[in-house]
Amino acid sequence: YKIYLVNELLVLTSCHATKPDMLNVHLVPHTHDDVGWLKTVDQYYYGDRNDIQHAGVQYILDSVVDQLLKNPDRRFIYVETAFFYRWWKRQDSSMKQTVQQLVNEGRLEFVNGGWCMSDEATTHYSAVIDQMTMGLRFLNDTFGVCGRPRVAWHIDPFGHAREHASMFAQMGYDGFFFGRLDYQDRYQRMMQKEQELLWRASDSLTPPMADLFTGILPNGYNPPDGFCWDQSCSDPPIRDDPDLEDYNVDDVVKRFLNIASAQSMVYKTNHIIMTMGSDFQYENANLWYKNLDKLIHYVNAQQDLGSRVNVLYSTPSCYLQELHRANLTWALKTDDFFPYADDAHDFWTGYFSSRPALKRYERLSNSNLQTCNQLEVLGGPTSTNGPFGKGDSQTMKKAMAVAQHHDAVSGTEKQHVANDYARRLATGWQHCQVLVSNGLAVLSGSTAQRFYCDYLNISVCPLTESSKKFSVNVYNPLGRPVTWPVRLPVNGTAYAVSDAAGTSVDCQVNTHNVRRSRGFAVNELVFEVQAPPLGFSTYSVSLLIISVSLESSFGKPVPLFMHVLQFLKVTFDPDTGLLSSFSNLETTQTIKLTQNFYWSVYNASDGNNSESIQPSGAYIFRPNSSTPFLISSTAKTEFIQTSVVQEVRQWFSPWVSQVVRLYAHSRTLELEWTVGPLPIHDDLGKEVITRIDTSIESSEIFYTDSNGREVLQRKKDFRPTWHLKQSEPIAGNYYPINSRAYIKDDVDQLTVVTDRSQGGSSIHNGSLEIMLHRRLLYDDVRGVAEPLNETSAIFPEGLVVRGRLLLSLDRPASAADKHRPLAQEMVLQPLLTFTDGDLHPDAKLEVGGGGGGFSGLQAALPPAVHLLTLTQWDAQSVLLRLEHQFQSWESDVNSKPVTVNLQKTHNQSHEKSEFRSHTAETKTKKLKVS
């Protein structure tokens, strides 16, 4: 279809004509196809396991294309590229030509266009960009400009993040439509006719760079009541033969006109939109289209009798075009749409923390994928076909893209579907391991077999447990050097560690934390490593002593304080074993700080049968009380002090423990928590939080990040753009924490960096709480029809989850200078690979940096600049994304534009590391990053 630009908005000549003196009702036929939820993505595509849910996406696309061809007036939109890509691959050339024509003529329109419709609370922005890139690239390569989505379409996610809107605006979308928002917010917007608005989605980017027109759909994403004509619905069809029984045209027309009139009263223009479809509908598209054809005909026939309503087939882009032509002024919004509640006691804030193990695995998989992508570039063609076989990054890219779906990383799927997401990530990582091994072989000059210890989180690594001499390769995917603590399970009691130059590295062997280990190692080797930007370093480890008993300090009094060199100091209460203060010795700051673990519960025996009040479940967080149960007022402790690390091990109960660590060269305090299996012998589900209470005067204000990027201010019992009547004082104050949260006053800022997406809040002045684990015995009646009660073969009594929180204490004006790079380090952590014995370079291989180390950069990127993407685009070019990672207001030093000289950045010693843009081979030597 022909396109041209007017006032920077794409004009679509495929749109049906509207009538300016009438109420125009835009009917948008659509299907919402979850990329996994009650069934796996494969089961949904093929229509398998219809005993769970009747849904088969391949039949939907077959049927829709057939029906579009029967009437050129008909329209349809499609969203999930993951499904369309599968279907497209199986079509013959004739069908592909037919679909291309439908797209060219605007009769089949793609909206959103990502591989999936991503979750907005629990996804990291880097992974969202990747999955959008995968979907949009396929549409562009396949259909060209006519396949380009103009509208972002997030009709089902359970709340909406400002960073998502910012990304959509920067991607060039003309508008954004969604279905879910808080019921109080919706009511107030309906009364004020502000369901369509301008979302200013960044406080750092100059308007209109992150401005996005946003529309709230009238019925979620369902058709109006009484007008669902799918095979899954029970609404009566239009019976239009007056000679037959139950003729109902007059009734249908009257009801429709009443609904249209009522809807027009809460929107601003003479154009309204109706979503004609829902979950996995249009498998028999003839049912829908036959009735929609009749509806349009009979309603429009009333115009001859004086009706001022005009009904037409439409798409979100055509609807948006008419709103643009209205040339009105729209309400402005600068915050986000969290948290979301659908009634007074049902806040969808539980899923911020549901399935914490899957959330961590997804985050770790994102880090592994970026390493895989980078080494495909740095290692050249040998990385995908080298000494270890054929490897690829595409399998992992698709698995990660699917994992961003709003019923995937969100934790709101059935258990067997969660298992499927994890299996896909594991399979993708197996493909990437071959690529990584090949790439490292090229760059190190060694074809020695590489081992991957994917279970170091439970202290399992067969090579380090058994080998007397091995090497550790530390690959750093960041554009700046990092120092990283390495903890390896071993059975010896003394080791020697040296770097590639042969310089001895300080190391210590500690007795194992019993709760931490699931393997056969009795000890743990600890040392710190350094890795160059976009490169690796290598360390050699040799066993010195096999078996000498290590002294245990279990039962000894907890030390009054822990401190390392000049950086940090923490104190403990000797009577309780709990933290009591936290000091930054460089800035001479000290705050009172205590930390403990609590659990809350909803006893569903009183309300499980109620339709109006539901218990906590995969989606909803609804504690019985505003006061959680304290797990223990004291902790049993064990203290370990070495030159590398000091740690206090705390045991609060058989199912909650923690290790408090200070590393020698770290400016952060590490809290490694282990929670589970959550006991249910009392027939009570449990939601476990950790709460940090401080002397900071935070005035009921706290801050959380949006998808790991910009930070938003939160205030207890408050919403910036509408009046809140708080009905759930805990759940109604929970927000998603994707990578960090902090509290501050004029003097001190305490920042907590997380290793996965979690939910959290500041319920009390000076406190931060984060939900770590959930195990629930009842369904919350939001569709998944299954309690969130995770077990596994390894943990049949209930899932055990481990994670890390990093705490920093700084002056507010400089705090971001620490937490920005720290959060990126948690997201893109170094990858450890191992070889048995010494590395032996192979002269036949092209050696990039020698066996000991390599960097793809001549110099580190400036502190404000983050290397977001480096991946192979095609045989001749790579995709490079650099971003400024500071908000405009948060740092006196780094919140400024930065110029990067690309010629002086890339390392030309290895020709395959040359950076080239996929959009054009630019001759620009300098790039300004704002």
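Residues numbered from 1 in each chain as written. Predicted model: local features only at pLDDT ≥ 70, side-chain atom pairs only at ≥ 80, totals over all residues. Heavy atoms only, no water.

**As for the overall build of the chain**
Then, in step 1: The helix and strand tally for the chain stands at 15 helices and 47 strands.
Then, in step 2: A compact globule built from 930 residues would reach a C-alpha radius of gyration of about 30 Å, and the chain, at 29 Å, matches this within 12%.
Then, in step 3: C-alpha extents for the chain along the principal axes are approximately 100 × 65 × 55 Å.
Then, in step 4: Counting across all 930 residues of the chain, residues that qualify as buried make up 63%.
Then, in step 5: In the chain, the proportion of contacts linking residues at least 24 apart, taken out of those at least 6 apart, comes to 75%.
Then, in step 6: For the chain, the computed accessible surface area is about 34,000 Å², with 51% contributed by carbon and sulfur atoms. (Helix = DSSP H or I, 4+ residues; strand = E, 2+ residues; numbered from the N terminus. Rg over C-alpha atoms; globule rule 2.2 N^0.38 Å. Buried < 20%, exposed > 50% of the residue type's maximum accessible area, 1.4 Å probe, protein only. Contact = heavy atoms within 4.5 Å. Areas by Shrake-Rupley, 256 points an atom, 1.4 Å probe, with all protein chains shown as cover.)

**Topic: the pattern of salt bridges**
Close approach of charged atoms allows side chains of opposite charge to pair.
Then, in step 1: Scanning all chains against the criterion turns up 48 salt bridges.
Then, in step 2: Residues Arg424 and Asp42 are paired through a salt bridge, measuring 2.9 Å at the closest nitrogen-oxygen approach. Of the two residues, Arg424 sits in helix H13 (residues 415-444) while Asp42 sits in helix H1 (residues 41-46), which places them 382 residues apart along the sequence.
Then, in step 3: The class of Arg424 is buried, set by a relative accessible area of 15%.
Then, in step 4: Looking at Asp42, the relative accessible area reads 29%, which means it is partly exposed.
Then, in step 5: The closest approach of N and O atoms between Asp420 and Arg423, which form a salt bridge, is 2.8 Å. Note that Asp420 and Arg423 are positioned in helix H13 at a spacing of three residues, about one turn of the helix. (Salt bridge = Lys/Arg side-chain N within 4 Å of Asp/Glu carboxyl O.)

**Details of the domain arrangement of the chain**
Then, in step 1: Segmentation of the chain into domains returns domain 1 (23-113 + 149-337), domain 2 (357-550 + 830-856) and domain 3 (861-929).
Then, in step 2: Measuring from the centre of the C-alpha atoms in domain 1 to the corresponding centre in domain 2 gives 46 Å.
Then, in step 3: The contact between domain 1 and domain 2 buries some 1,200 Å² in all, and 59% of this surface belongs to carbon and sulfur atoms.
Then, in step 4: Interface area lost by domain 1 to domain 2 is led by Val35, Trp37 and Phe158, which between them contribute 38%.
Then, in step 5: The tally of links between domain 1 and domain 2 comes to one salt bridge.
Then, in step 6: Counting the contacts that link domain 1 with domain 2 gives 13 residue pairs in polar contact (both at pLDDT 80 or more).
Then, in step 7: Contributing elements (two or more residues each) for the side of domain 1 that touches domain 2: H1 and helix H3 (81-89). (Domains from an automatic or database assignment. Buried area = accessible area lost by both parts, 1.4 Å probe. Polar contact = N/O pair within 3.5 Å; in protein donor to acceptor, adjacent residues only side chain to side chain.)

**As for empty space enclosed by the protein**
Then, in step 1: For the structure shown, the criterion picks out 11 cavities of 30 Å³ or more.
Then, in step 2: Considered as a void within the structure, the largest cavity measures approximately 90 Å³ in volume.
Then, in step 3: Around the largest cavity, the lining comprises 13 residues; the ones closest to its centre are Ser626, Pro628, Ile689, Ile730 and Glu769. (1 Å grid on protein atoms, 1.4 Å probe; cavity = no way out; pocket = protein on both sides within 12 Å on 5 of 7 lines; lining within 4 Å. Points joined across faces, edges and corners; volume = space filled by probe spheres on them.)

**Structural notes on the UniProt feature "domain: Glycoside hydrolase family 38 central" (unreviewed entry) in the chain**
Then, in step 1: In the numbering used here, UniProt assigns the "domain: Glycoside hydrolase family 38 central" (unreviewed entry) feature to residues 346-425.
Then, in step 2: Span residues 346-425 is 55% helix and 8% strand, its end C-alpha atoms 32 Å apart. (UniProt positions renumbered as here; feature names shortened; annotations may be inferred.)

**Here we look at unusual backbone geometry**
Then, in step 1: Cis peptide bonds are those with omega within 30 degrees of zero, and the linkage from Pro207 to Pro208 qualifies with 5°.
Then, in step 2: Take Pro208: it is sitting in the loop between strand E8 (196-200) and strand E9 (211-216).
Then, in step 3: Of note, the bond from Phe338 into Pro339 is cis; its omega dihedral lies within 30 degrees of zero at -10°.
Then, in step 4: Relative to the assigned elements, Pro339 resides in the loop between strand E12 (331-333) and strand E13 (341-343).
Then, in step 5: One non-glycine residue, Arg355, lies in the positive phi region at around 50°.
Then, in step 6: Here Arg355 is to be found in the loop between strand E14 (346-347) and helix H11 (356-378).
Then, in step 7: Of note in this structure, Ala785 is not a glycine but carries a positive phi near 55°.
Then, in step 8: Relative to the helices and strands, Ala785 resides in the loop between strand E40 (767-775) and strand E41 (801-810).

**Description of the side chain of Gln824**
Then, in step 1: Considering the arrangement of structural elements, one finds Gln824 in helix H15 (residues 816-827).
Then, in step 2: Aside from chain neighbours lying at most four places away, what touches Gln824 is Tyr125, Leu478, His866, Glu883 and Gln885.

**Observations concerning the sheet that holds strand E29 (residues 636-641)**
Strands belonging to one sheet form pairs held by backbone hydrogen bonds; the direction of such a pair is parallel or antiparallel.
Then, in step 1: Here we have nine strands laid out as an open sheet, ordered E29-E30-E31-E32-E41-E38-E37-E34-E35, and antiparallel in their pairing. One side of each edge strand has no neighbouring strand; the edge strands of this open sheet are E29 and strand E35 (711-715). The average angle at which neighbouring strand axes cross in this sheet is 20°, direction not considered.
Then, in step 2: Relative to E41, strand E38 (residues 749-754) runs antiparallel, the two sharing six bridges. Note that in E41 the partner of Gln749 across the bridge is Asp810. (Pairing = 2+ DSSP bridges. Axes fitted to C-alpha atoms, helices over the stretch in contact; angles between N-to-C directions.)

**Focus: the state of the cysteines**
When the sulfur atoms of two cysteines share a covalent bond, that bond is a disulfide.
Then, in step 1: Tallying each qualifying case throughout the model produces four disulfides.
Then, in step 2: Disulfide partner of Cys372: Cys432, at an S-S distance of 2.2 Å. When the S-S torsion is -95°, as for the bridge of Cys372 with Cys432, the disulfide is left-handed. Of the two residues, Cys372 is situated in helix H11 and Cys432 in helix H13; the sequence distance between them amounts to 60 residues.
Then, in step 3: Judged by its relative accessible area of 0%, Cys372 falls in the buried class.
Then, in step 4: Across the disulfide from Cys453 sits Cys461; the S-S distance is 1.9 Å. Cys461 carries the same exposure label as Cys453, and that label is buried.
Then, in step 5: Cys432 supplies the cysteine sulfur nearest to Cys116, a cysteine that is in no disulfide, at a spacing of 18 Å. (Disulfide = S-S within 2.5 Å.)

**Examining the sheet that holds strand E11 (residues 309-313)**
Then, in step 1: Taken in spatial order, the three strands of this open sheet run E10-E3-E11, and their pairing is parallel. Of all strands in the sheet, those with a lone pairing partner are strand E10 (271-276) and E11, marking the two edges. This sheet shows a mean twist of 25° between the axes of neighbouring strands, independent of strand direction.
Then, in step 2: In this structure, strand E3 (residues 23-29) lies alongside E11, joined through five bridges in parallel fashion. If you follow Leu27 over to E11, its bridge partner there is Tyr313.
Then, in step 3: With respect to the sheet, helix H9 (residues 285-301) is in contact with E3, E10 and E11, its orientation differing from that of E11 by roughly 155°.

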